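Report on the structure
Here is what each chain is made of, one letter per residue.
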Amino acid sequence: MSPARGRLAALAAAALLGACTTPQPSTPVSPAQAPAPPPAATPKPAVATRTEIPAAFAATPQALEAFRRACPRLLKRTDASGLTTATDWQAACADPEADPATFFARHFAPVRLGDGKGLATGYFE
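Residues numbered from 1 in each chain as written. Predicted model: local features only at pLDDT ≥ 70, side-chain atom pairs only at ≥ 80, totals over all residues. Heavy atoms only, no water.

Membership of the largest hydrophobic core is limited to 10 residues, which are Leu64, Phe67, Ala70, Cys71, Leu74, Trp89, Ala92, Cys93, Phe103 and Phe104. When contributions to this core are tallied by element, the ones reaching two or more residues are helix H2 (61-74), helix H3 (90-94) and helix H4 (100-107). Take this core: its biggest share by element is five residues, from H2. (Core = buried A, V, L, I, M, F, W, Y, C linked by side-chain atoms within 4.5 Å. Buried < 20%, exposed > 50% of the residue type's maximum accessible area, 1.4 Å probe, protein only. Helix = DSSP H or I, 4+ residues; strand = E, 2+ residues; numbered from the N terminus.)

By secondary structure assignment, the location of Asp79 is in the loop between H2 and H3. Of the buried charged residues, Asp79 lacks a salt bridge, with Arg77 as the closest side chain of opposite charge at 4.2 Å. (Lys, Arg positive; Asp, Glu negative; His and termini not counted. Salt bridge = Lys/Arg side-chain N within 4 Å of Asp/Glu carboxyl O.)

In total, this model carries six aromatic pairs according to the counting rule given. Between Phe103 and Phe104, the aromatic rings sit 5.1 Å apart at their centres with planes inclined by 85°, giving edge-to-face as the arrangement. Owing to a relative accessible area of 0%, Phe103 belongs among the buried residues under this scheme. (Phe/Tyr/Trp six-rings, centres within 6.5 Å; stacked < 30°, edge-to-face > 60°.)

Taking 1.5 Å per residue, 14 residues should reach 20 Å; H2 reaches 19 Å between its end C-alpha atoms and fits that length. Restricting attention to buried positions, one finds in H2 the residues Leu64, Ala66, Phe67, Ala70, Cys71 and Leu74. (Expected span 1.5 Å × (residues − 1).)

For side chains bearing opposite charge, pairing can occur when the charged atoms are close. With the rule as written, the count across this model stands at three salt bridges. As a salt-bridge pair, Glu65 and Arg69 come within 4.0 Å of each other at their nearest N and O atoms. Of this pair, Glu65 and Arg69 both sit in helix H2, four residues apart, which is roughly one turn of that helix. Between Arg106 and Asp95 there is a salt bridge, and its shortest N-O distance comes to 2.6 Å. Placement of the pair is Arg106 in helix H4 and Asp95 in the loop between H3 and H4, with a sequence separation of 11 residues. By relative accessible area, Arg106 is classed as partly exposed at 47%. For Asp95, a relative accessible area of 10% corresponds to the buried category. Sharing partners across several salt bridges, the network here consists of Asp95, Glu97 and Arg106.

Functional significance is not addressed by these values, which are geometric in nature.
In structure tokens, the structure reads:
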């Protein structure tokens with residue numbers, strides 16, 4: 001290897017190594033800075049009365065049938081969020097109630113979120 005090639009290889013190696021360094025902050029962080037305040041507590045959702053539920057979202061035989069078709073999967077499902085477990089669904093899935101309004105009133109609670117102007121369902125299939 002010629003001396004010029006050796007210097008070029010050394011220069012290239014130095015450039016590559018220099019690119020691997022972590023830049024230092026230009027201004028030091030003051031240890032006296034106060035931590036950010038914790039986020040404001042989110043108010044708990046309020047349980048809504050059945051009369052507050054729009055008629056378009058009333059319990060129907062089709063909704064009850066859809067829930068029953070989902071039961072085999074719900075009873076095996078592992079919820080990664082940890083909000084529900086398969087045992088949470090056992091009573092509802094085993095309930096033979098034929099009246100959709102009675103069934104959903106027994107196993108689900110309507111909840112008002114925020115100002116109540118929007119709509120979200122807690123069960124989705």
